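Residues per chain, in single letters:
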Amino acid sequence: MNYLAVFLGADGGITRNATTEEVMNLQLGEFESLELAIQNACEVLECTHAKNGVLLKGENSGGFLICDTHEFAEL
């Protein structure tokens, strides 16, 4: 399954491009499970896993939501 990291703002909301209004994301690649995608994202993005695929960059710094391509299509 292909996974992405969706950018989250400091308030926890999904970050969108100011011009196109598209959800800002980063392709993580193919992984066998969500858990493996989260582990890889934590290392690459230098974040900590909070809960349910939400990664935190730091205190009031926002973070990322890890999701697969099917979940991303719903955003």
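Please read all numbers here as calculations on a predicted model, not as lab measurements. In every chain, residue numbers begin from 1 and rise along the written sequence. At least 70 in pLDDT is required for a residue's local features to be given in this predicted model, at least 80 for side-chain atom pairs to be given and counted, and no such filter applies to totals for whole chains, interfaces and linings, which use all residues. The side-chain figures draw on all heavy atoms in the structure; neither hydrogens nor water molecules are used.

Asker: What is the right way to look at the state of the cysteines in this model?
Answerer: Joining two cysteines, a disulfide is a covalent bond between their sulfur atoms. The criterion for a disulfide is a pair of cysteine sulfur atoms lying within 2.5 Å. The full count for this structure, using the stated rule, is zero disulfides. Free cysteine: C67, not disulfide-bonded; nearest cysteine sulfur from C47 at 15 Å. Judged by relative accessible area, which is 3%, C67 ranks as buried. Classification of residues uses two cut-offs on accessible area relative to the type maximum, computed with a 1.4 Å probe and protein chains only: under 20% is buried, over 50% is exposed, and between them is partly exposed.

Asker: Mind showing me how you'd approach the side chain of D68 here?
Answerer: Numbering goes from the N terminus for both helices and strands, where a helix is a DSSP run of H or I of at least four residues and a strand is a run of E of at least two. Within the element layout of this structure, D68 appears in strand β5 (residues 63–68). Buried and without a salt bridge, D68 has R16 as its closest oppositely charged side chain, separated by 16 Å. Here a polar contact is taken to be a pair of N or O atoms separated by no more than 3.5 Å, where protein atoms must pair a possible hydrogen donor with a possible acceptor and residues adjacent in sequence count only if both atoms sit in side chains. In this structure the side chain of D68 is engaged in a polar contact, spanning 2.8 Å, whose partner is the backbone nitrogen of E71. We call two residues contacting when some pair of their heavy atoms lies within 4.5 Å. Setting aside anything within four residues of it in sequence, one finds D68 in contact with M1, N2, Y3 and L4. Here Asp and Glu are counted as negative and Lys and Arg as positive; His is not counted, and neither are the chain ends. We define a salt bridge as a side-chain nitrogen of Lys or Arg found within 4 Å of a carboxyl oxygen belonging to Asp or Glu.

Asker: Just checking my understanding: could you explain the environment of L8 for this structure?
Answerer: Mapped onto the elements of the fold, L8 is located in strand β1 (residues 2–8). Owing to a relative accessible area of 13%, L8 belongs among the buried residues under this scheme. Between the C-alpha atom of L8 and that of L65, which follows or precedes it by 57 residues, the distance is 6.9 Å.

Asker: How do you make sense of the nonpolar core when you look at a structure like this?
Answerer: In a soluble, globular protein the nonpolar side chains are often hidden away together inside. Take the buried residues of types Ala, Val, Leu, Ile, Met, Phe, Trp, Tyr and Cys, join any two whose side-chain atoms come within 4.5 Å, and each joined set is a nonpolar core. With 13 residues, the main nonpolar core has L28, L45, L55, F64 and I66 as its most contacted residues. Secondary structure elements with two or more residues in this core: β1, α1 (34–45) and β5. Among all residues touching L55, those that are not within four sequence positions of it are I38, A41, C42, L45, C47, T48, H49, G62, G63, F64 and I66.

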